[in-house]
Amino acid sequence: MPNTSRRTLLKWALGAGQFALLDRAGLLGAGLAHAADADVPSRLVVLYVPGGFRPAYCFTPMEDSEIPLCVPGSSNFSSEPVFYDASKVVNLAPANGAYKPLRTWQSWNPQDPAARGTFSPLMYGYQHFALHEQLSVLHGIDQGTNDHASAFISAMCGVAGADYRAPAMHSVIANHLYARHRETRPLPFVVVAGDRGVPSGMGLPSHASPVGVPSIDALKPMLSGKAADNAWWSGLEARTEGAELDARGTPTGAQLKTTTVERYSLARAQPLLGRSTAKVDNYLEGLHGSLSSVSRVLATDVVSLLEGTKGIDTLKTNRPAYLSSYLNETFTYTFGNANFHLTGLDPRMDMALRLLKSDLCTSVHVSLRMDFDTHSGAGHAFSCAHGRGLMDCVARFLGEMKATPAPGKPGKTLLDDTLVLVMSEFGRSWASRANDGSYNLPDDHHPFTSVFFAGGNVAANRQVGTYTTRGLGVPVDIIEETGQTQKRVPRSADVVTTALRIMGMEPNEFFIPGGYGEVVGLRKG
């Protein structure tokens, strides 16, 4: 999203529309979250892998006998070892219930995890940070399409298509938790980077719509309260604190600091209500709520808060020993004699961590800096090497969150108070062994994929679902919206539903066209 002036931000508030679109689902009201479970997280982070990834090269759900049918023999890519056989697969911890535990190719040397050459430390981060304690993976999800744009929408809201038919889950969560956190989180939904698109709020109020925050410098023209950054606003931003009123003049129970212009504008809806139709009243109430949201954002010195918050911290001060053979950047990896060096991920991860640690937002979306839309003969090796490298960067991100106290929740970590989803728009085609022992390695779009669930209220150390040797999903237990349980192949709508249930929402508090259910085994308890 391009840099936006304060004037444009105010225009957004006055241009909000479509408030009746989702009324029947009860999504327009930012109702209080009423889940009482202490383990229910209050934040959502989506780490998005562009282009379609091959998660089975990271966490392996197949039986040992199936692995040689769809995983090529050991090889290398740019001096990085790739592929494996069943004898090299290890469990991160003993099984949790009837589900397969998290297991991965042990590409590292157990005696010296930092060793490189014939070994690779990539993916060791999940063992180093003991992430199995708050991590499970759902495999074999049918995205309903193999088109990039349609599959991105499917991953974000649960319904594939050219346009959003439901709001992105980030927006649903931001809206659901808005009333609880509106006085402390002025940026409910932020996008740090969106390389395949920006999730859509689809008619929800402005506080549930995404705001681009790629860097602190990008925010200065819009949200800095410093005269040095916005001298032309000097003398125009004097604010008075008072009780916040809804469009009908009823106190909401919150406080709001407003300028004279904002107070005047906020009072305009009340005399117009009841003079026309219910739809017009809904629209006026939406405009009033949007302006209140924008006022709250402008009253917060977001830039100073972010500047005073450390993002990447523990990973620098207590650098994991298994990374000792890599360059100094925190979120990077190299192949061979540093003939590849991932760049550009540190700023994104640092910005996301600052936003979370400062408690400024509820939903965060970050595209990871590596596109897997390869379409080449080396696509599988590329996916194996770079996929494991990128997933180790995810492990470091989760490790930083695990080492950070949760704002306002003594005894809890930031990871305890956050649901993190790692996903792509879809998967990529599977390898298959021919009769002569060689491997066919097609590299195209594939509609079946996996999603990693990490953080608070997530069951520990489980792989739910699996793939056939041709890469198709298999049926899993799903609690349908009717409350009945049946076995079927999971869909993207079920991923969204499961995420919303982990966040404490009840099935009657959201709506996804086409039906939806919660996948059994991913939510704790």
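Residues numbered from 1 in each chain as written. Predicted model: local features only at pLDDT ≥ 70, side-chain atom pairs only at ≥ 80, totals over all residues. Heavy atoms only, no water.

Caption draft 1: Highlighting the pairing of strand β1 (residues 43-49). Of all 7 residues in β1, 7 are buried; the element is thus mostly enclosed. Burial of the side chains of β1 extends over both faces: Arg43, Val45, Leu47 and Val49 are buried on one face and Leu44, Val46 and Tyr48 on the other. Across 7 bridges, β1 lies against strand β14 (residues 418-424) in parallel orientation. The residue bridging Val46 from the neighbouring strand is Leu421, located in β14. In this structure, β1 lies alongside strand β13 (residues 363-367), joined through 5 bridges in parallel fashion. The residue of β13 that forms the bridge with Leu47 is Val366. (Buried < 20%, exposed > 50% of the residue type's maximum accessible area, 1.4 Å probe, protein only. Helix = DSSP H or I, 4+ residues; strand = E, 2+ residues; numbered from the N terminus. Pairing = 2+ DSSP bridges.)

Caption draft 2: Up close: the pattern of salt bridges. Enumeration according to the criterion identifies 26 salt bridges in this entry. The partner of Asp417 in a salt bridge is Arg43, and the shortest N-O contact between them spans 2.2 Å. With Asp417 in the loop between α13 (379-402) and β14 and Arg43 in strand β1, this pair connects stretches of sequence that are 374 residues apart. Looking at Asp417, the relative accessible area reads 2%, which means it is buried. Of the charged contacts, one joins Glu480 and Arg488 as a salt bridge, the two residues approaching to 2.7 Å between their closest N and O atoms. Like Glu480, the residue Arg488 is buried in the burial classification. (Salt bridge = Lys/Arg side-chain N within 4 Å of Asp/Glu carboxyl O.)

Caption draft 3: Quick look at the pairing of strand β7 (residues 189-193). Burial runs high along β7: 5 of the 5 residues are buried. Across 2 bridges, the pairing between β7 and strand β8 (residues 211-212) is parallel. Opposite Val190, over in β8, you have Val211 as the bridge partner.

Caption draft 4: Focus on empty space enclosed by the protein. Following the criterion strictly, the structure yields 6 cavities of 30 Å³ or more and no others. Approximately 130 Å³ is the volume attributed to the largest cavity. Residue lining of the largest cavity: 16 residues in total, with Arg54, Pro55, Ala56, Arg428 and Trp430 positioned closest to the centre. The residue makeup of the lining of the largest cavity, split by class, is 11 nonpolar, 3 polar and 2 charged. (1 Å grid on protein atoms, 1.4 Å probe; cavity = no way out; pocket = protein on both sides within 12 Å on 5 of 7 lines; lining within 4 Å. Points joined across faces, edges and corners; volume = space filled by probe spheres on them. Nonpolar A, V, L, I, M, F, W, Y, C, P; charged D, E, K, R; others polar.)

Caption draft 5: Main features of the sheet that holds strand β21 (residues 476-480). Spatial strand order, β22-β21-β23: 3 strands in an open sheet with antiparallel pairing. Each end of this open sheet is capped by a strand with a single partner; those strands are β22 (485-488) and β23 (517-519). Mean inter-strand twist for the sheet, computed between neighbouring axes without regard to direction, equals 40 degrees. Two strands pair when backbone bridges link them, and β21 and β22 are joined in this way by 4 bridges, in the antiparallel orientation. Residue pairing in the sheet places Ile478 in a bridge with Gln486 of β22. Helix α14 (residues 492-502) contacts β21, β22 and β23 of the sheet and is inclined by roughly 75 degrees relative to β23. (Axes fitted to C-alpha atoms, helices over the stretch in contact; angles between N-to-C directions. Contact = heavy atoms within 4.5 Å.)

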